[in-house]
Amino acid sequence: LGFFCGPNLPPRPKREWKPLEDRSCTDLPWFLLFTLFLVGMCGICGFTIMTGGAARLVFGYDSYGNTCGQRNEPIEGVRLSGLDHTDRKFVFFLDPCNIDIIQRKIKSMALCVSQCPTEELATYHDLKRFAMINGSELCSYELPGHKYPQLPERFEKCPKLPVPESKALPVFNRCTPVDISCYAKFAEAVVTFVSDNSMLNRLIAGVAASKEIIVGLCLLALVLSMILMVIIRYISAVLVWILTALVVLGSLGGTSVLWWLYIDYRMTMNETMTKDLRETEEPIDDMKTIKDHAQGLLIYAVSATVFTGILLLLMLFMRKRVALTIALFHVAGKVFIHLPLLALQPFYTFLALSLFWVYWIMVLLFLGTTGNPEKNEDTGLVEFRLTGALQYMTWYHAVGLIWISEFILACQQMTVAGAVVTYYFTRDKTKLPVTPILSSVLRLVRYHLGTVAKGSFIITLVKIPRLILMYIHNQLKGKENACARCMLKTCICCLWCLEKCLNYLNQNAYAATAINSTNFCTSARDAFMILVENALRVATINTVGDFVLFLGKILIVTCTAFAGVLALNYQRDYTEWVLPLIIVCLFAFLVAHCFLSIFEIVVDVLFLCFAIDTKYNNGTPGREFYMDKLVDFSRGKNSHKAGFLCTLIKLLSTFHIVSQIM
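Residues numbered from 1 in each chain as written. Predicted model: local features only at pLDDT ≥ 70, side-chain atom pairs only at ≥ 80, totals over all residues. Heavy atoms only, no water.

Moving on: the overall build of the protein chain. Secondary structure summary: the protein chain contains 18 helices and eight strands in total. Counting all 662 residues of the protein chain, 44% fall into the buried class. Nonlocal contacts in the protein chain, meaning residues at least 24 apart in sequence, comprise 72% of its contacts between residues at least 6 apart. With the model as given, the accessible surface of the protein chain reaches about 35400 Å², and the carbon-plus-sulfur share is 66%. (Helix = DSSP H or I, 4+ residues; strand = E, 2+ residues; numbered from the N terminus. Buried < 20%, exposed > 50% of the residue type's maximum accessible area, 1.4 Å probe, protein only. Contact = heavy atoms within 4.5 Å. Areas by Shrake-Rupley, 256 points an atom, 1.4 Å probe, with all protein chains shown as cover.)

This is the structure in structure tokens:
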């Protein structure tokens, strides 16, 4: 962050937090930069439309560079270009089954025709008859239709016989064979996870027969996720203490087993050594090996004992912080009761992302048919390619995919943070705004789009190198040596960890901005200092809370899978269960992750508000706490009483946060 916020930030003044007051625009230069970037994205779309790329994609074009369905300008050096295809609106491939498996495209010559063949044409006389009756010539333009059977060029410039029956695609006007069996080779190359075609057919048949059940189970996962967000406040305490008990019992049990194995091994070793010495008075050759095994077990047992002791001390000193996690979960459940529209945030975000991704893919396809016409020397066909500086438009468009997607996700985080901040810092909950979420959205749009743009750009800068390294790793798979492969994976892992840490810091920076209306750098610094001061609490909430939410995801997936087994029980062929259940379980986990991630954001924002509240208020008149009474018992600032161990753990946690983020 030093590059964007400056290596030497001014001294941090004493922060007087004034929630929901003194609202002002933040990071205005970044808002202007993001606006210019959006203008560039729209300019790429406009360029593809103005240069004919969009028309070539939608209406199609032939192998001579002519767009079907319109009058064309001649292309220098390309014969049969510049034709009037006003009446020829469909693209017809002479050999539609000639597919390049590597490039995933049809290598056949394409022509513009007035009508797709509505029946199979087995001979050149059939081609002639079809041209005479329908006026649609299926051979190259220079060949007259009434002479097809006699022309020697018919073998190269006419379609491969037999010509299959075709239908035009609804929007893109391509003649597509009705019988897609000719695409079998392409399908085999795409679908490689199963070699038994009968097995594949049975799996697909199982999905087709169970489509209503799959839709119903997906809706069930959606409902269960929304219900869990409300009731998790009641079951969080049980889950946390069950988790704590399992960890303690597991550690004690594992340590006991190791000591038992060590003692049993020593007793067996002593008996064996005594017996062997009685039988043979010579020294035993593998005595050293036996002692090494015993010493190894002793080291494991001692290490496990030390680990268990430290764990028990941690549980003892962190019990109040575990209780704080439970209290925050309870308050987060109350937030969803007061702000039920928070549960719909994943829908809005998914809708916004879906619309943007559809637009992005559409423009990417436009770019594929935009550029200068070039004749392929190998095939003789005309292709459109971006050359010179124009080829960087594709890279610009790719960066736009990452930055704008991260921007939409950051807007969701800022919106949720603003609504939760409004809830927390409103003393009388009956006086909450009628629509806190809408108010948060309006504040975001009016004041803080620049902050969101800056935070999402930082994530983009980390994500792009990681994606490039992943691409290089995939391209070099099986070619690089072990050292290079290890270095690539290490770099990818480090960048992934950095991205996760920055995401967490950004989320808290957005919450600080929602509270105090400060710019991104100031908010990030303030949030970072608050997190460092409460490092032990942060570690507890992130570990215990994340595990509870993970258990919630597993609960939803398990319930949905169990319901799926009951619903699919009527299908006695159990192999047909596999694909429907996999689809349902993946969807259930995705939905649970989306909804519980909102819950996680709410918990993190509540904790930041709680930490700020307890730092700057002391409960005296005029400085009353904003916190809920349920977390009042955890506000004490006497954590130093935990002794040297607690202090050491806090220092280690602080160092961990600093090393991850800085």
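The geometry of helix α11 (residues 345–368) relative to helix α12 (residues 392–424) is characterised by a closest axis approach of 10 Å and an angle of 170 degrees between their N-to-C directions. On the basis of their axis angle, the class for α11 and α12 is roughly antiparallel. Grouping the amino acids of the contact of α11 with α12 by side-chain chemistry returns 16 nonpolar, eight polar and no charged. (Axes fitted to C-alpha atoms, helices over the stretch in contact; angles between N-to-C directions. Parallel < 35°, antiparallel > 145°, perpendicular 65-115°, else oblique. Nonpolar A, V, L, I, M, F, W, Y, C, P; charged D, E, K, R; others polar.)

All right, on to the nonpolar core then. In this structure, L342, F599, V602 and L606 are the most contacted members of the largest nonpolar core, which totals 88 residues. For this core, the element with the highest residue contribution is helix α17 (residues 578–616), accounting for 18 residues. Filtering out sequence-adjacent residues up to four positions away, F599 remains in contact with M229, I232, F329, A332, G333, F336 and L549. Among the nonpolar cores identified, the runner-up in size contains 28 residues, and F92, L111, Y148 and V382 belong to it. (Core = buried A, V, L, I, M, F, W, Y, C linked by side-chain atoms within 4.5 Å.)

In this section: the state of the cysteines. This model, assessed by the stated rule, comprises three disulfides. The partner cysteine of C68 in its disulfide is C112, sulfur to sulfur 1.9 Å. Looking along the S-S bond of the C68-C112 disulfide, the torsion reads about -80 degrees, which is the left-handed sense. Taken as a pair, C68 in the loop between α3 (53–59) and β1 (90–93) and C112 in strand β4 (residues 110–113) lie far apart in primary sequence, 44 residues in all. In this pair, the class of C68 matches that of C112, namely buried. Each disulfide pairs two cysteine sulfurs, and for C116 the partner residue is C175, the sulfurs being separated by 1.9 Å. Judged by the torsion about the S-S bond (-80 degrees), the C116/C175 disulfide is left-handed. Of this pair, C116 sits in the loop between β4 and α4 (124–134) while C175 sits in strand β6 (residues 175–177), and the two are 59 residues apart along the sequence. Of the two residues, C116 and C175, neither departs from the other in class, the shared state being buried. With no disulfide of its own, C497 has C493 as its nearest cysteine by sulfur position, at a separation of 4.3 Å. (Disulfide = S-S within 2.5 Å.)

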